[in-house]
Amino acid sequence: MKRVFIETVGCQMNILDSELVIGSLRREGYELTREPTQADLILFNTCSVREHAEEKIYSALGRLNGHKRDFPDTVIGVLGCMAQKDQELVRKRAPIVDIVCGTGQLRQLPQLVSEVLRTREPQIAVSLGRKEASRHEVETSFESYDPIRDPSMRPTPFQAFVRVQIGCDKFCTYCIVPSVRGPEQSRSPEHILAEVRQLVLEGCKEVTLLGQTVNSYEYVSGDGRRTRLSDLMAAMNGYEGLERIRFITSFPKDMTPDLLEAVRDLPKAAKYLHVPVQSGCDDVLKRMKRLYTVGEYRDMLARCREAIPGVAISSDFIVGFCGESEASFRKSCDLVAESMFRNSYIFKYSTRPGTKAHDLFEDDITDLEKRRRNNELLEIQNDNCLIDHRSRIGDEVDVLVEGLSRYGEKSSDNGPRQMTGRAATDHIVCFPGYPRLVGQMVKMKIVDASHFTLFGEVMTAEGVAPTSDGIWDWSPATTFTERRIGLPVV
Ligand code: SAM
Ligand code: SF4
């Protein structure tokens with residue numbers, strides 16, 4: 001029995017990539033282990049968006065030096081964004097690494113492992129740099145890897161990510177993604193829909209469509225037929241068994257009326273949009289090359305809210321970007337305060353070699369100051385979360401139950417325990433229930449709220465009552481966390 005350990009850092013794209021990698025390795029006879037020191041193959045699926053994420057991986061590799069010395073046959077691989085970005089540098093900094101495999105080469109991983117075992121030589125597989133060849137050649141060097149899936153590797157059996165787009169062409173000046181994930185390419189609707197149908201057959205109830213700028217998805221077939229994200233969603237809405245369709249992440253400038261209508265009209269579409277703004281100051285947005293002004297972003301928010309009553313919208317912010325003055329930062333505070341985002345994901349600017357901002361601007365805000373701005377923005381967001389959450393008390397919502405909450409996991413009660421799930425607006429809802437509700441869509445009434453959570457009570461009795469012999473059914477003994485453990489996310 002060969003064993004593989006994988007640690008995944010970063011975004012949903014990486015979680016999906018890890019799922020696909022493990023799927024292909026299982027076909028080669030590998031079993032997953034949670035313990036790196038028991039593995040024949042140790043993999044790190046990496047992120048380069050912020051320096052911190054890279055340093056974590058180099059530290060983890062450093063901790064494996066002794067193990068590799070004692071067990072030199074263990075194969076160690078660095079996959080994904082950091083592999084594509086740093087290439088040979090990975091092995092310079094961590095000589096114990098046998099495989100460096102970029103985001104566009106993951107399909108090759110089983111062969112790379114065989115080559116290491118056969119030759120005892122390190123293997124590097126990376127895609128072409130964006131300026132190294134013609135666009136077409138660079139595109140083809142970033143292979144789409146998606147059709148190979150292993151249902152047992154999904155974070156939960158009833159939820160799945162489906163990539164509709166790879167890469168990015170926006171080149172925001174702070175961002176490394178266009179380099180490490182290559183040119184923007186939309187996958188063919190036939191492939192996407194076949195994958196979704198297969199997932200639904202396997203019991204999947206919620207599909208999240210993934211793309212860096214997912215709302216700019218467009219595919220023109222050989223016969224000239226144009227497919228947009230809204231068309232994909234309309235097709236998926238007809239799939240029996242599928243209950244919820246989500247998509248992340250949207251680019252503010254590409255929020256088209258057809259997509260808003262699809263979110264409003266398709267019963268299975270989650271009433272949730274994630275549309276990062278990054279800053280509330282036009283000067284900063286210009287230096288970031290985000291291609292819109294704050295006024296245009298505000299107009300877009302208004303259009304979304306007018307088109308889709310009750311829609312929840314979340315955003316991303318970067319604090320401490322090059323040259324962000326206190327006055328610029330205050331404008332981000334104002335935008336968060338007025339926008340009533342469902343959530344704001346706030347990041348301290350991290351300068352990335354290989355980006356325009358790294359070459360052109362000075363990273364002139366201290367880390368201490370970035371942290372202060374991060375905390376201040378977060379406080380404003382948290383206050384708004386509480387207002388938003390309280391306004392939802394009394395609402396009736398459909399919740400897809402994900403598992404025991406952290407609190408519920410700790411409790412050893414025999415009666416109901418605290419479960420958690422998500423409403424169509426992406427709000428987290430905790431409620432007293434039983435593990436066999438996991439994977440079910442359950443109607444709930446919101447009865448209380450805190451900064452981070454809504455608290456609900458189940459309205460439909462299905463699945464909650466004891467079985468006919470009066471015994472509570474605990475059969476899906478694996479909790480949400482245990483299921484996720486297959487793919488540790490740091
Ligand atoms: N494609 C998405 C978009 O345009 O909104 C986001 C992709 S990026 C992987 C996720 C988030 O990371 C961004 O929205 C941004 O807030 C943050 N981010 C990207 N580069 C960063 C950097 N150099 N420093 C700090 N945060 C960064
Ligand atoms: Fe990065 Fe901008 Fe592309 Fe998002 S749109 S992935 S922030 S370059």
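Rules used throughout
Residues numbered from 1 in each chain as written. Chains lettered and ligands numbered in written order. Predicted model: local features only at pLDDT ≥ 70, side-chain atom pairs only at ≥ 80, totals over all residues. Heavy atoms only, no water. Near = heavy atom within 4 Å. Polar contact = N/O pair within 3.5 Å; in protein donor to acceptor, adjacent residues only side chain to side chain. Helix = DSSP H or I, 4+ residues; strand = E, 2+ residues; numbered from the N terminus. Nonpolar A, V, L, I, M, F, W, Y, C, P; charged D, E, K, R; others polar. Phe/Tyr/Trp six-rings, centres within 6.5 Å; stacked < 30°, edge-to-face > 60°. Lys NZ or Arg CZ within 6 Å of the ring centre and 35° of its normal. Axes fitted to C-alpha atoms, helices over the stretch in contact; angles between N-to-C directions. Parallel < 35°, antiparallel > 145°, perpendicular 65-115°, else oblique. Left-handed = near helix turned anticlockwise from the far one by under 90°. Contact = heavy atoms within 4.5 Å. Core = buried A, V, L, I, M, F, W, Y, C linked by side-chain atoms within 4.5 Å. Buried < 20%, exposed > 50% of the residue type's maximum accessible area, 1.4 Å probe, protein only. Arc of directions from axis to C-beta. Patch = residues over 30% accessible without salt bridge, like charges linked within 9 Å, V, L, I, M, F, W, Y side chains within 5 Å. Areas by Shrake-Rupley, 256 points an atom, 1.4 Å probe, with all protein chains shown as cover. Salt bridge = Lys/Arg side-chain N within 4 Å of Asp/Glu carboxyl O. Lys, Arg positive; Asp, Glu negative; His and termini not counted. Charge placed at Lys NZ, Arg CZ, Asp CG, Glu CD. Pairing = 2+ DSSP bridges.

Participant: How do you make sense of the site of ligand 1 when you look at a structure like this?
Facilitator: Contacts to ligand 1 come from 16 residues, most closely from Gln-212, Pro-276, Gln-278, Asp-316 and Ser-350. Backbone polar atom of Gln-212 to a nitrogen atom of ligand 1: 2.7 Å apart, as the coordinates give it. Interatomic distance of 3.2 Å between a side-chain N/O atom of Arg-290 and an oxygen atom of ligand 1. Looking at the shell around ligand 1, the elements that each hand over two or more residues are strand S15 (312-319) and strand S16 (343-348). Grouping the amino acids of the shell around ligand 1 by side-chain chemistry returns 7 nonpolar, 4 polar and 5 charged.

Participant: For this particular structure, what's the right way to read the packing of aromatic side chains?
Facilitator: The description of two aromatic rings rests on the distance between their centres and on the angle between their planes. Throughout the structure, instances matching the rule amount to 7 aromatic pairs. An aromatic cluster is defined as three or more aromatic residues linked by ring pairs; in this entry it consists of Phe-251, Tyr-292, Tyr-297, Phe-317 and Phe-341. Above the face of the Tyr-58 ring, Arg-93 is positioned so that its terminal group lies 3.8 Å from the ring centre. Directly above the aromatic system of Phe-251 lies the positively charged group of Lys-170, at a separation of 4.7 Å from the ring centroid.

Participant: Would you explain the packing of helix H14 (residues 326-339) against helix H16 (residues 367-391) in this entry?
Facilitator: In a packed pair of helices, the relevant descriptors are the angle between the two axes and the axis-to-axis distance. The N-to-C vectors of H14 and H16 enclose an angle of 20°; their axes lie 9 Å apart at closest approach. With respect to each other, H14 and H16 are oriented roughly parallel. Our pair here, H14 against H16, has a crossing hand that is right-handed. Note on element contacts: H16 touches H14 through Glu-369, Arg-372, Arg-373, Glu-376, Leu-377, Ile-380, Gln-381 and Asn-384, opposite Glu-326, Phe-329, Arg-330, Ser-332, Cys-333, Val-336 and Ala-337. The residue makeup of the contact of H14 with H16, split by class, is 6 nonpolar, 3 polar and 6 charged.

Participant: What exactly am I supposed to notice about the nonpolar core here?
Facilitator: The tendency in soluble globular proteins is for nonpolar side chains to be buried as a group. Core analysis: the biggest nonpolar cluster contains 62 residues, and Leu-209, Met-233 and Leu-273 have the highest contact counts within it. The element that contributes the greatest number of residues to this core is helix H13 (residues 294-307), accounting for 6 residues. Filtering out sequence-adjacent residues up to four positions away, Met-233 remains in contact with Leu-209, Ile-245, Phe-247, Leu-259, Val-263, Leu-266 and Ala-269. If you look at the next biggest cluster of nonpolar residues, it comprises 21 residues, including Phe-5, Ala-39, Ile-57 and Met-82.

Participant: What am I meant to see in unusual backbone geometry here?
Facilitator: If a residue is not glycine, its phi is most likely negative; likewise, a peptide bond is most likely trans. For the peptide bond that leads from Ile-248 to Thr-249, omega is 0°, which places it in the cis range. Within the secondary structure, Thr-249 sits in the loop between strand S13 (244-248) and helix H11 (257-265). Unlike most non-glycine residues, Gln-87 shows phi in positive territory, near 45°. As for its position among the elements, Gln-87 is in the loop between helix H4 (81-86) and helix H5 (88-93). One non-glycine residue, Arg-120, adopts positive backbone phi at about 60°. Position of Arg-120 among the secondary structure elements: in the loop between helix H6 (109-119) and strand S6 (123-125).

Participant: It is not clear to me how the site of ligand 2 should be interpreted in this structure. Could you clarify?
Facilitator: What surrounds ligand 2 is the set Cys-168, Lys-170, Phe-171, Cys-172, Tyr-174, Cys-175, Val-177, Pro-178, Gln-212, Thr-213 and Arg-290. Here the residues of the shell around ligand 2 are counted per class, giving 7 nonpolar, 2 polar and 2 charged.

Participant: Any chance you could explain helix H10 (residues 229-237) here in plain terms?
Facilitator: Residue pairs spaced three or four apart in an α-helix point in one direction, given the helix's 3.6 residues per turn. Those residues of H10 not exposed but buried are Leu-229, Ser-230, Leu-232, Met-233, Met-236 and Asn-237. Down the axis of H10, the buried set is contained in an arc of 155°. They therefore lie on one face.

Participant: What should I look at first to understand the side chain of Thr-156 in this one?
Facilitator: Following the sequence through the fold, Thr-156 ends up in the loop between helix H7 (135-141) and strand S7 (159-163). Within the structure, Thr-156 has its side chain in polar contact with the side chain of Gln-159 (distance 2.7 Å).

Participant: Could you clarify how one ought to interpret a negative patch on the surface in this entry?
Facilitator: A contiguous patch of negative charge on the surface is contributed by Asp-282, Asp-283, Glu-296 and Asp-299. Every element with two or more residues in the negative patch is listed here: helix H12 (282-288) and H13. Examined against the element boundaries, Glu-296 turns out to sit in helix H13. Assessed through its relative accessible area of 41%, Glu-296 is described here as partly exposed.

Participant: How should I be thinking about the sheet that holds strand S20 (residues 441-449) in this particular structure?
Facilitator: Sheet architecture is closed into a barrel: 5 strands sit in the order S17-S18-S19-S21-S20, paired in mixed fashion. On average, adjacent strands in this sheet sit at an angle of 50° to one another, irrespective of strand direction. The pairing of strand S17 (residues 396-404) with S20 spans 5 bridges and is classified as antiparallel. Among the inter-strand pairings, Asp-398 is bridged to a residue of S20, identified as Lys-443.

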